[in-house]
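Here are the chains, one letter per residue:
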Amino acid sequence: SQTIHQWPATLVQPVGSPLSLECTVEGTSNPNLYWYRQAAGRGLQLLFYSVGIGQISSEVPQNLSASRPQDRQFILSSKKLLLSDSGFYLCAWTGGRDETQYFGPGTRLLVL
Amino acid sequence: KQEVTQIPAALSVPEGENLVLNCSFTDSAIYNLQWFRQDPGKGLTSLLLIQSSQREQTSGRLNASLDKSSGRSTLYIAASQPGDSATYLCAAISPGNQFYFGTGTSLTVIP
């Protein structure tokens, strides 16, 4: 069966520090991968999606970047965090026969 | 751009009651529609996916319907239980496989 992992689960970082969040998927190949951010009391905002290795599409201009160095690995990064980067970051994938989107457990980021 | 709205934003019902959650979308040219559940501090769990050629899907006490022409989907929960308390989100899925989420309905089932 397929599983999706995210780490770390929680992260507290000072303003101006770098960021690297990792997402990996097991049990499938060539998935579409997504990064979302969920701010407190708000809906999910799509940040990036990828249909293959090295292929990244960005939905909104921002302080973040994404990379897909391997088929089942998706990384969210920042060189310098802002206070507004705080939130709950969710990774997801699609590509199974049932066309369903599956989510990871999320990373809660607090920038101080 | 696709916009998805969920009404009501919050709902509180006594245990055992049947209830309906609403989801509306502005662009009827969707590929699929998916309903999720989110518990506090957790990721999203898929409940039901309705393909564009279908009108409804059922899983246990859950039934989701889709009317593309009117831009609406409903999630029906029968005989609600306290364990159903969570935030329910719908997502309209474009032909390009992009997911557009509503802001969710926070459901509380009172024992």
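Coordinates for the structure precede this section.
Quick notes on the rules
Residues numbered from 1 in each chain as written. Chains lettered and ligands numbered in written order. Predicted model: local features only at pLDDT ≥ 70, side-chain atom pairs only at ≥ 80, totals over all residues. Heavy atoms only, no water. Disulfide = S-S within 2.5 Å. Helix = DSSP H or I, 4+ residues; strand = E, 2+ residues; numbered from the N terminus. Buried < 20%, exposed > 50% of the residue type's maximum accessible area, 1.4 Å probe, protein only. Patch = residues over 30% accessible without salt bridge, like charges linked within 9 Å, V, L, I, M, F, W, Y side chains within 5 Å. Areas by Shrake-Rupley, 256 points an atom, 1.4 Å probe, with all protein chains shown as cover. Salt bridge = Lys/Arg side-chain N within 4 Å of Asp/Glu carboxyl O.

(A) Highlighting the state of the cysteines. A full pass over the atoms with the stated rule returns 2 disulfides over all chains. Across the disulfide, Cys23(A) is cross-linked to Cys91(A) (sulfur-sulfur distance 2.0 Å). Here the disulfide of Cys23(A) and Cys91(A) is left-handed, its torsion about the S-S bond being about -75 degrees. Placement of Cys23(A) in strand β3 (residues 19-26) and of Cys91(A) in strand β9 (residues 87-94) is noted, with a sequence separation of 68 residues between them. Cys91(A) sits in the buried class, given a relative accessible area of 0%. There is a disulfide in this structure between Cys23(B) and Cys90(B), and the S-S distance comes to 2.0 Å. On the S-S bond that ties Cys23(B) to Cys90(B), the torsion sits near 80 degrees, and the link is right-handed.

(B) Focus on a nonpolar patch on the surface. All names here are of chain A. Taken together, Val12, Leu110 and Leu112 make up a surface patch of nonpolar side chains, about 280 Å² in accessible area. Its place among the elements puts Leu112 in the segment after β11 (107-111). Overall, Leu112 belongs to the exposed group, its relative accessible area being 59%.

(C) Representation of unusual backbone geometry within the structure. In this structure, Pro8(A) follows Trp7(A) across a cis peptide bond, with omega equal to 0 degrees. For Pro8(A), the position within the fold is in the loop between β1 (3-7) and β2 (10-13). Of note, the amide linkage connecting Ile7(B) to Pro8(B) takes the cis form, showing an omega dihedral of 0 degrees. Within the secondary structure, Pro8(B) is located in the loop between β1 (4-7) and β2 (10-14). Although it is not a glycine, Asn30(A) sits at a positive phi angle of roughly 50 degrees. Position of Asn30(A) among the secondary structure elements: in the loop between β3 and β4 (32-38). Look at Ala79(B): it is not a glycine, yet its phi comes out positive at around 45 degrees. By the element assignment, Ala79(B) lies in the loop between β8 (72-77) and β9 (86-93).

That is the geometry; function is a separate question.
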